[in-house]
Amino acid sequence: VAMAVSDLHAPVRTPAQSSDDEQLCPPTSLQANYAVCDELTIGRTQRIMLSDESTLARGGPHMPPIFNFLTLIVNCHQDASADHSGKYRVGTARPDVIFQPVHKLYGSQPTLVVD
C-alpha cells in the first residue's frame with residue numbers, strides 16, 4: 001500500500017532519559033561536545049553519536065562514559081593520510097576508523113565513492 005509522503009509522520013517523542021543514561025551520557029560541556037541521536041539508539045551502549053574532532057582527540061577524565069563503548073568513528077572531513085597512532089583518545093574503546101571526506105564525494109563517479 002503506497003502512502004503519500006505528507007501522510008508519514010516521524011515520532012515526536014524521544015525516549016525518556018533515565019538516571020543511568022544521564023551518567024552514561026551526561027550533558028555536553030566544554031570538554032565533551034557530542035550529541036546522541038536518540039532516534040537511532042538501539043541499546044544502552046549502542047548509539048549513533050555526533051562529535052567534534054577535538055572532543056575525540058582530547059580524551060582524559062572528563063570524557064563521558066559512553067565513549068568507552070565506541071566501536072566505529074567515521075571521519076567525514078579528512079582522508080586516511082590524517083590517520084596516526086593516538087589520533088583519537090576515547091577512553092578504553094579501540095574503535096575502527098573510516099576516513100571519508102564528504103566534500104570530496106561531490107562530482108565523484110560511483111566507483112570512486114564506493115570502495
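The structure this text deals with has already been given above.
Calculation notes
- Residues numbered from 1 in each chain as written.
- Predicted model: local features only at pLDDT ≥ 70, side-chain atom pairs only at ≥ 80, totals over all residues.
- Heavy atoms only, no water.
- Helix = DSSP H or I, 4+ residues; strand = E, 2+ residues; numbered from the N terminus.
- Buried < 20%, exposed > 50% of the residue type's maximum accessible area, 1.4 Å probe, protein only.
- Areas by Shrake-Rupley, 256 points an atom, 1.4 Å probe, with all protein chains shown as cover.
- Phe/Tyr/Trp six-rings, centres within 6.5 Å; stacked < 30°, edge-to-face > 60°.
- Core = buried A, V, L, I, M, F, W, Y, C linked by side-chain atoms within 4.5 Å.
- Contact = heavy atoms within 4.5 Å.
- Polar contact = N/O pair within 3.5 Å; in protein donor to acceptor, adjacent residues only side chain to side chain.

Caption draft 1: Examining the overall build of the chain more closely. Across its full length, the chain carries three helices and four strands. In the chain, the succession of α and β elements from N to C terminus is α-β-β-α-β-β-α. For the chain, the residues scored as buried account for 23% of the 115 residues in total. Surface accessibility of the chain: about 8500 Å² in total, with carbon and sulfur atoms responsible for 57%.

Caption draft 2: Inspection of the packing of aromatic side chains at higher detail. The final tally for this structure, using the stated rule, is one aromatic pair. Note on Tyr34 and Phe67: the rings are 5.4 Å apart at their centroids and 85° apart in plane angle, and the pair reads as edge-to-face. Within this pair, whereas Tyr34 is found in strand E1 (residues 34-36), its partner Phe67 is found in the loop between helix H2 (53-58) and strand E3 (72-75), the two being separated by 33 residues in sequence.

Caption draft 3: View of the nonpolar core. Residues Tyr34, Met49, Leu56, Ile66, Phe67, Leu70 and Val90 are the most contacted members of the largest nonpolar core, which totals 16 residues. Each residue touching Met49, except ones within four places of it in the same chain, is listed here: Tyr34, Ala35, Val36, Ile66, Phe67 and Leu70.

Caption draft 4: Representation of the environment of Asn68. Looking at the element boundaries, Asn68 is found in the loop between H2 and E3. Among residues more than four places away in sequence, those in contact with Asn68 are Val90, Gly91, Thr92 and Ala93.

Caption draft 5: Layout of the side chain of Lys87. Inspection of the secondary structure puts Lys87 in the loop between E3 and strand E4 (96-99). When its relative accessible area of 11% is taken as the criterion, Lys87 is described as buried. Within the structure, Lys87 has its side chain in polar contact with the side chain of Gln78 (distance 3.1 Å). Those residues in contact with Lys87, other than ones at most four positions away along the chain, are Glu53, Leu56, Ala57, Asn75, Gln78, Ala82 and Phe99.

Caption draft 6: Quick peek at the environment of Leu72. You can see Leu72 is positioned in strand E3. Its relative accessible area of 42% is what places Leu72 among the partly exposed residues. What Leu72 contacts, discounting residues up to four positions off in sequence, is Pro95, Asp96 and Ile98.

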